[in-house]
Amino acid sequence: MMYDGGKIIIGLLIFIGFSTFPFLFTMGKAVAKPEPKIDTPEIQKMVDKKCIESKQYMKTEHMVILNDWRDAVVRDGLRLYKSKDGRSFDMSLQNTCMKCHSSKKKFCDECHNYVAVKPYCWDCHIAPQEGT
Amino acid sequence: MGILFSFAVVIAIVLIVFAGVRGAGLNYLFAIIIPYLALLTFIIGVTYRVFNWGRSAVPFRVPTTGGQQFTLPWIKSNKLDNPHTSYGVIGRMILEVLLFRSLFRNTKAELHDGPRLVYGSEKLLWLAAIAFHYSFLVILLRHLRFFTVPVPTPIQFLEFVDSFFQVGAPLVYITNFVIVIALLFLLYRRLGMPQIKYISLPSDYFPLFLILAIVLSGIYMRYFDKVDIVGVKQITMGLVSFRPTIPDGIGIIFYIHLTLVCTLFAYFPFSKLVHMAGVFLSPTRNLANNNRMQRHVNPWDYPIKVRSYDDYENEFREKMKKAGIPVEKE
Ligand code: HEM
């Protein structure tokens, strides 16, 4: 027996709705995981298909690399990046990353849409033309 | 004692995760089973507590008020601090839940030279509480980006606003700073103020240490020891779609963060933290002060058989007359 039972039950339903929101929103649908494509012409030309650092490192640290590059170029005028295994790269978002990963849609966006990050870099920097 | 104990429990949880995931490889336990159990405990526990509160009778309106009661129409009454209508109560509840109005009225007592007892206003606690609760809410809502595909626009907008200053990469969130500062103040209040420390119990310290550990592990995971966020989202989406999966190579710090969160959720219904639900059922806040306008009957009252004087006289009228006792009706 509850006093003001109607109001309390409405409150509880709202509470349960909020706390199970992700379950209700998904309704048991399977969600495809992102598949960033690394089959661009530039990468296909490579013998040893490697990013500037190891894949695991790139996965978690690529935004830090970009941030460090930006600071190095814009503030200190340094443009040469030496990777851990001794290769050299021009520190550039458009001319280095996007040269190999020449489809932003099929690569960067694939992951970013999945986790809802929207790097604001593209407000100024120009992404390579898609579909070429 | 209580401080050290609470701190040790939090450390123990971290060590258990370390041993369980690194040592015994119990990833499935920590990433799937414990989260489900914790959520169930949370929902069932809070519901049960609310049902229990709902069963208690409220025989009388409890007018702890901060304003003039409604009496006569030409005497100005305070409609929010001493409401006598449902609308007034709704207004009071909104202010209480969203702005912590009664905490705003909080005072502190200080003993000055003399000795003289002085009451002063104490707004810092209110400020820290507001800062903490709203940061927590924003962080919790932002976390929905791990639990929804596609991520709803309001959540993305929240993320945009929270990272408005566009500092660093990954972007720095404003709430991360606010919540840490607020938590440190709330902790200082209990550790550094003798009067508060005197009345603090492990159940006061533990939630503070636990939430601080959650927040610090989250910040550490985002900016320092990064994990594969795409992998994390595969776990979380697996959980919410009941298709559990665990990709390889997710850092231990994620399991620590998650298990601390599960501890918080499972502990919630048994602790003072249920004030989240309790605030809505506070009799001093959610009842209109209409004692003078409506009769409130205590449902727990023993049913008393009432006998009126009329009845009494009807029964004994003749005898009363004979004995010369005056009666009302001849
Ligand atoms: C009580 C609930 C929780 C609180 C207070 C909390 C707190 C935090 C904080 C303060 C951060 C730092 C970055 C940010 O603010 O986004 C963070 C990050 C993170 N949290 Fe939580 N967390 C909670 C629940 C969870 C849950 C349930 C999960 C997943 C199962 C989770 C996974 C993560 C991950 C993966 C990050 C890193 C985010 C990134 O790198 O962008 N958290 N958390």
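All figures in this text were calculated on a predicted structure; none of them were measured in a lab.

> Explain the coordination of the iron atom of the ligand residue by residue, including any values.
All names here are of chain B. In this structure, His143 (NE2) and His257 (NE2) serve as the protein donors to the iron atom of the ligand, at separations of 2.0 Å. In this structure, the iron atom of the ligand is surrounded by six donor atoms whose angles at the metal cover 84 to 178°, and the resulting shape is octahedral. One end of the pair, His143, is in the loop between helix H5 (123-142) and helix H6 (153-162); the other, His257, is in helix H11 (residues 252-267), and 114 residues separate them in sequence. Given a relative accessible area of 27%, His143 falls into the partly exposed group. Exposure remark for His257: the relative accessible area of 12% places this residue in the buried category.

> Residue-level account of the interface of chain B and chain A, with values.
Listed by partner, the interface residues are 46 residues for chain B and 34 residues for chain A. Here chain B meets chain A over a buried area of about 3,400 Å², counting both sides, of which 71% is carbon and sulfur. Taken together, the connections running from chain B to chain A amount to two salt bridges. Counting only elements with at least two residues in the side of chain B that touches chain A, the list comes to helix H2 (27-55), H6 and helix H10 (229-240) of chain B. If you tally residues by element for the side of chain B that touches chain A, the top one is H2 of chain B, at ten residues.

> Provide a residue-level description of the pairing of strand E1 (residues 107-112) of chain B, including the pertinent values.
Residues and elements named next belong to chain B. Pairing geometry for E1 and strand E2 (residues 116-121), over six bridges, is antiparallel. Bridge assignment links Leu111 to a residue of E2, and that residue is Leu117. The antiparallel hairpin formed by E1 and E2 contains three residues in its connecting segment, where Gly114 sits at a positive phi of about 145°.

> How would you summarise the site of the ligand if you had to cite specific residues and measurements?
Residue and element names in this part refer to chain B. Looking at the ligand, there are 25 residues lining it, with His143, Arg145, Asn176, Arg222 and His257 nearest. Between the ligand and Asn176, the relevant distance is 2.7 Å, taken from an oxygen atom to a side-chain nitrogen or oxygen of the residue. Counting residues per element, the ones that place at least two in the shell around the ligand are H5, helix H9 (202-223), H10 and H11. For the shell around the ligand, the per-class residue count stands at 17 nonpolar, five polar and three charged.

> Please provide a residue-by-residue account of the pattern of salt bridges, values included.
Scanning all chains against the criterion turns up 19 salt bridges over all chains. Between Arg317 of chain B and Glu313 of chain B there is a salt bridge, with its nearest N and O atoms 3.1 Å apart. You can see Arg317 of chain B and its partner Glu313 of chain B sitting in helix H14 (residues 309-322), four residues apart, about one turn around the helix. One continuous salt-bridge network, built from bridges that share partners, spans Asp48, Lys50, Asp85 and Arg87 of chain A.

> Outline H9 of chain B, supporting the account with residue identities and numerical values.
Taking 1.5 Å of rise per residue, the 22 residues of H9 of chain B would be expected to cover 32 Å, and the 31 Å separating its terminal C-alpha atoms lies within 8% of that figure. For H9 of chain B, a buried count of 18 out of 22 residues is recorded, marking the element as mostly surrounded by other parts of the structure.

> Which residues make up the confidence of the model for chain A, and what values go with them?
Looking at chain A, the pLDDT average stands at 92 and 98% of residues meet or exceed 70. At the level of individual helices and strands, chain A shows its lowest average pLDDT in helix H3 (residues 41-44) of chain A, which scores 90, and its highest in helix H2 (residues 21-26) of chain A, which scores 96.

> Which residues make up the nonpolar core, and what are the values?
All names here are of chain B. Residues Val46, Leu183, Phe254, Tyr255 and Leu260 are the most contacted members of the largest nonpolar core, which totals 67 residues. When residues in this core are grouped by element, the largest group, 13 residues, is from H9. If we ignore the near neighbours within four places in the chain, the residues touching Leu183 are Phe132, Leu208, Ile211, Leu212 and Val215.

> So what about helix H7 (residues 174-192) of chain B? Which residues, and what values?
Helical geometry: 3.6 residues make up each α-helical turn, so side chains three or four residues apart lie on a common side. Residue and element names in this part refer to chain B. With 19 residues, H7 should reach 27 Å at 1.5 Å per residue; the first-to-last C-alpha distance of 27 Å fits that figure. Regarding H7, the residues found buried are Thr175, Asn176, Ile179, Val180, Ala182, Leu183, Phe185, Leu186, Leu187, Arg189 and Arg190. Contact partners of the buried residues in H7: H5, H6, helix H8 (194-198) and H9.

> Report on the packing of aromatic side chains, specifying residues and quantitative values.
Residues and elements named next belong to chain B. Under the defined criterion, the tally for this structure stands at 19 aromatic pairs over all chains. When the ring of Phe206 is compared with that of Tyr267, the centres are 5.0 Å apart and the planes differ by 90°; the resulting orientation is edge-to-face. Of this pair, Phe206 sits in helix H9 while Tyr267 is found in helix H11, placing the two residues 61 residues apart along the sequence. Looking at Lys123, its charged tip hangs above the ring of Phe104, at a distance of 4.5 Å from the centre.

> An account of the side chain of Ser19 of chain A is requested, with residue identities and associated values reported.
You can see Ser19 of chain A is positioned in helix H1 (residues 5-19). Apart from the residues within four sequence positions on either side, Ser19 of chain A is in contact with Leu39, Phe42 and Ile43 of chain B.

> Before we move on, can you summarise the side chain of His257 of chain B with the specific residues and values?
Engagement of the side chain of His257 of chain B in a polar contact is seen with the side chain of Ser217 of chain B, the distance being 2.9 Å. Leaving out residues up to four positions away in the same chain, His257 of chain B has contacts with His143, Ile214, Ser217, Gly218 and Met221 of chain B.

About the thresholds
Residues numbered from 1 in each chain as written. Chains lettered and ligands numbered in written order. Predicted model: local features only at pLDDT ≥ 70, side-chain atom pairs only at ≥ 80, totals over all residues. Heavy atoms only, no water. Donors = N, O, S within 2.8 Å, 3.2 Å for Na, K, Ca; no water. Tetrahedral: all angles 85-135°; square planar, octahedral: opposite > 155°, others 65-115°. Helix = DSSP H or I, 4+ residues; strand = E, 2+ residues; numbered from the N terminus. Buried < 20%, exposed > 50% of the residue type's maximum accessible area, 1.4 Å probe, protein only. Contact = heavy atoms within 4.5 Å. Buried area = accessible area lost by both parts, 1.4 Å probe. Salt bridge = Lys/Arg side-chain N within 4 Å of Asp/Glu carboxyl O. Pairing = 2+ DSSP bridges. Near = heavy atom within 4 Å. Polar contact = N/O pair within 3.5 Å; in protein donor to acceptor, adjacent residues only side chain to side chain. Nonpolar A, V, L, I, M, F, W, Y, C, P; charged D, E, K, R; others polar. Expected span 1.5 Å × (residues − 1). pLDDT = per-residue confidence, 0-100. Core = buried A, V, L, I, M, F, W, Y, C linked by side-chain atoms within 4.5 Å. Phe/Tyr/Trp six-rings, centres within 6.5 Å; stacked < 30°, edge-to-face > 60°. Lys NZ or Arg CZ within 6 Å of the ring centre and 35° of its normal.

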